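Residue-level structural notes
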Amino acid sequence: MRNASEVGKLCTGCGTCMAICPPGVIRMEINHDRGVYEPVITGECDGCGLCLRACPGIEVDLADLNMRVFGREPDDPLLGNYESCYVGHSRDDKIRYDSSSGGMITQILLYLLEEGLINGALVTRMNPERPLEPEPFIARTPEEIIESRGSKYCPVPANVALREIIDIPGRYAVVGLPCHIHGIRKAQKFNKKLRERIVYHLGIVCNHTPTFKATRFLLERVGVKLEDVQDIRYRGNGWPGSLRVETVSGDILLLPEYWGSGFGQLFMPGRCRMCCDHMAELSDISFADPWLSEFEDEKRGRTLVIQRKNPEILHKIFGICEIEPIEPQKVLLSQIYNIYMKKKVYKLNNSIYYGNFPEVDSVDRIIFRFDPHRLKIPFSLKRRYEFLYSVIVSLKARKDFLGYSE
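Residues numbered from 1 in each chain as written. Predicted model: local features only at pLDDT ≥ 70, side-chain atom pairs only at ≥ 80, totals over all residues. Heavy atoms only, no water.

Bringing a nonpolar patch on the surface into the picture now. Judged by side-chain polarity, F387, V391 and L395 come together as a nonpolar surface patch covering roughly 320 Å² of accessible area. Positionally, V391 belongs in helix α15 (residues 379-404). (Patch = residues over 30% accessible without salt bridge, like charges linked within 9 Å, V, L, I, M, F, W, Y side chains within 5 Å. Areas by Shrake-Rupley, 256 points an atom, 1.4 Å probe, with all protein chains shown as cover. Salt bridge = Lys/Arg side-chain N within 4 Å of Asp/Glu carboxyl O. Helix = DSSP H or I, 4+ residues; strand = E, 2+ residues; numbered from the N terminus.)

Below, the structure is given as C-alpha cells:
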C-alpha cells in the first residue's frame, strides 16, 4: 500500500490523510455512488507514507494508544479508561434547546474560548453554499462555536481542518467521532505540532453516520428536491429533537423521530460495521445521549459525560452547566446495544483493532452470522427483521455486560 488512495473501503472518511500530507496532494471527495468521502490523489505523491501511518481505517492499536494517552490500558474494556461519569446540561436554555442533547460540548467550548484556554476549536457546520455537505473548520469566535452546534448525520471529514492547526500556532480543542479521534491520536505520535497544540479532545459517542444517500432518501419521502434545500439541521428543537429542513422558498419542515424511518438503519457505511469503538475511548471527555428510562420524559436535553482526563474542565463550568454524578453502569446501560455490536459482533468482522475485548461465545457468532447487513433481505421486510434482531441483541448484551461490568 503506497498511499491513502489505496485504502479503499477500509477508509473511514475522517480526512486525517489530507491534513497530514506534506506536499498537500490529497483531497477528500464525495463518491456519490457510495455516498461517502474518499481520498483522491491530485498531484505528485512523494511516497513518504505519513498518510498511512495516521490512517485509522487500516489499523487502530487501542492498547498502544491507551498507553500513550492515559498511561495504562483500560480497566473497563467496555467504557474504556475513565475517572468519573456525569449527566449534565447547559444552563443557557437556548443553547440547551438548540443542541442535540443538552449543549454540554457547545458550553465547554465557549468556556475554553472565553477564558483564553484555547485559540480555536475544530468543529463542523453545514456548508452555507452547499447545505447538504458538512464543512469542518476552526471556530475562533463564540458565534462560530454556536453555529456548529448539533449533530451532522452525514459523512464528515472533520480532520481536514487539522491542517490549520499545523500551520497556525495556538492552543486548540478538537471535537470528533471515534474515527476522527483515532486519526488525531495516531497523527500525534509523529507530528509534534499536533501533539503540542491540541490540548483538549472532545469525543462524540457514535455507532455510525449514515451515508449521504440517507438524507436523499428522507428528502424524497417528503417531496423536497435536493436543489431546493436552503438549510438543514439534523438535531435540535429539544430532545431527542427533530430534523429541520428550510427550502429556498422559505418553507420549513420539522421531522421528529425520523431516524427509525430507515434513515438510520438502511444507509450504514460498510466501514462503520467494522468499528470497535462506540464510546470515543481515546478522547479526554466523551459525550452521549442519555437513553435511559429515567430520562424518557426529558424534553429540553441532557448529556451523559464520561470524563477520562482533564477533570478541571468540568469543575470550572459548574456555574454555567448543571452537572451531577451518574453511575458508570447506567452509562453502559444507555449504550448497551451498540457497545455489544462494536465489541463483539463487529470485532468478528475484522482484525483491524487491537486491544482488550470481551470473549466471544457461540451465541455471539450466531448473532454475527444473522446480522441484517450480512443477509439479503427484501427491502419491505428489512425493518421488521432489524427490530427482531435488535431485541435479541439487547437481551444478549444485558446478559453479558450487566454482569460483565460488575
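What follows picks up the thread again.
A full pass over the atoms with the stated rule returns 26 salt bridges. In this structure, R244 and E246 form a salt bridge, with 3.6 Å as the shortest nitrogen-oxygen distance. Put simply, K396 and D364 hold a salt bridge, and the shortest N to O gap is 2.9 Å. Pair noted here: K396 is in helix α15 and D364 is in helix α14 (residues 362-369), with a separation of 32 residues, a long-range link. Beyond isolated ion pairs, a larger network of salt bridges with shared partners links K344, D361, D364, K396 and D400.

Further remarks concern helix α10 (residues 212-221). All of the buried residues in α10 are F212, A214, T215, F217, L218 and L219. Looking one or two places after α10, you find G223, whose phi comes out positive at around 75°. (Buried < 20%, exposed > 50% of the residue type's maximum accessible area, 1.4 Å probe, protein only.)

Below, the discussion takes up unusual backbone geometry. With omega at 5°, the peptide bond leading from W239 into P240 counts as cis. Among the structural elements, P240 can be located in the loop between β9 (229-233) and β10 (242-247). With a phi close to 60°, N237 is a non-glycine residue in the positive phi region. One non-glycine residue, N310, lies in positive phi territory at about 50°. Considering the arrangement of structural elements, one finds N310 in the loop between β13 (303-307) and α11 (311-316).

What follows deals with the nonpolar core. Within the largest apolar cluster, 52 residues are counted, with the highest numbers of intra-cluster contacts made by I165 and Y234. Top contributing element to this core by residue count: α10, with five residues. By size, the runner-up hydrophobic cluster in this structure holds 29 residues, among which are A139, A173, V199 and I285. (Core = buried A, V, L, I, M, F, W, Y, C linked by side-chain atoms within 4.5 Å.)

Turning to empty space enclosed by the protein, a few remarks are in order. Rolled over the atoms, a probe sized like a water molecule indicates the empty space that remains. One pass over the structure, following the stated rule, counts five cavities of 30 Å³ or more. Put simply, the largest cavity is a space of about 350 Å³. Lining of the largest cavity is provided by 26 residues; of these, T12, G13, C179, T209 and C272 occupy positions nearest its centre. Breaking the lining of the largest cavity down by element, the ones donating at least two residues are β2 (36-41) and α8 (178-188). At four residues, the largest contribution of residues to the lining of the largest cavity is made by α8. For the lining of the largest cavity, the residue count by class is 14 nonpolar, eight polar and four charged. (1 Å grid on protein atoms, 1.4 Å probe; cavity = no way out; pocket = protein on both sides within 12 Å on 5 of 7 lines; lining within 4 Å. Points joined across faces, edges and corners; volume = space filled by probe spheres on them. Nonpolar A, V, L, I, M, F, W, Y, C, P; charged D, E, K, R; others polar.)

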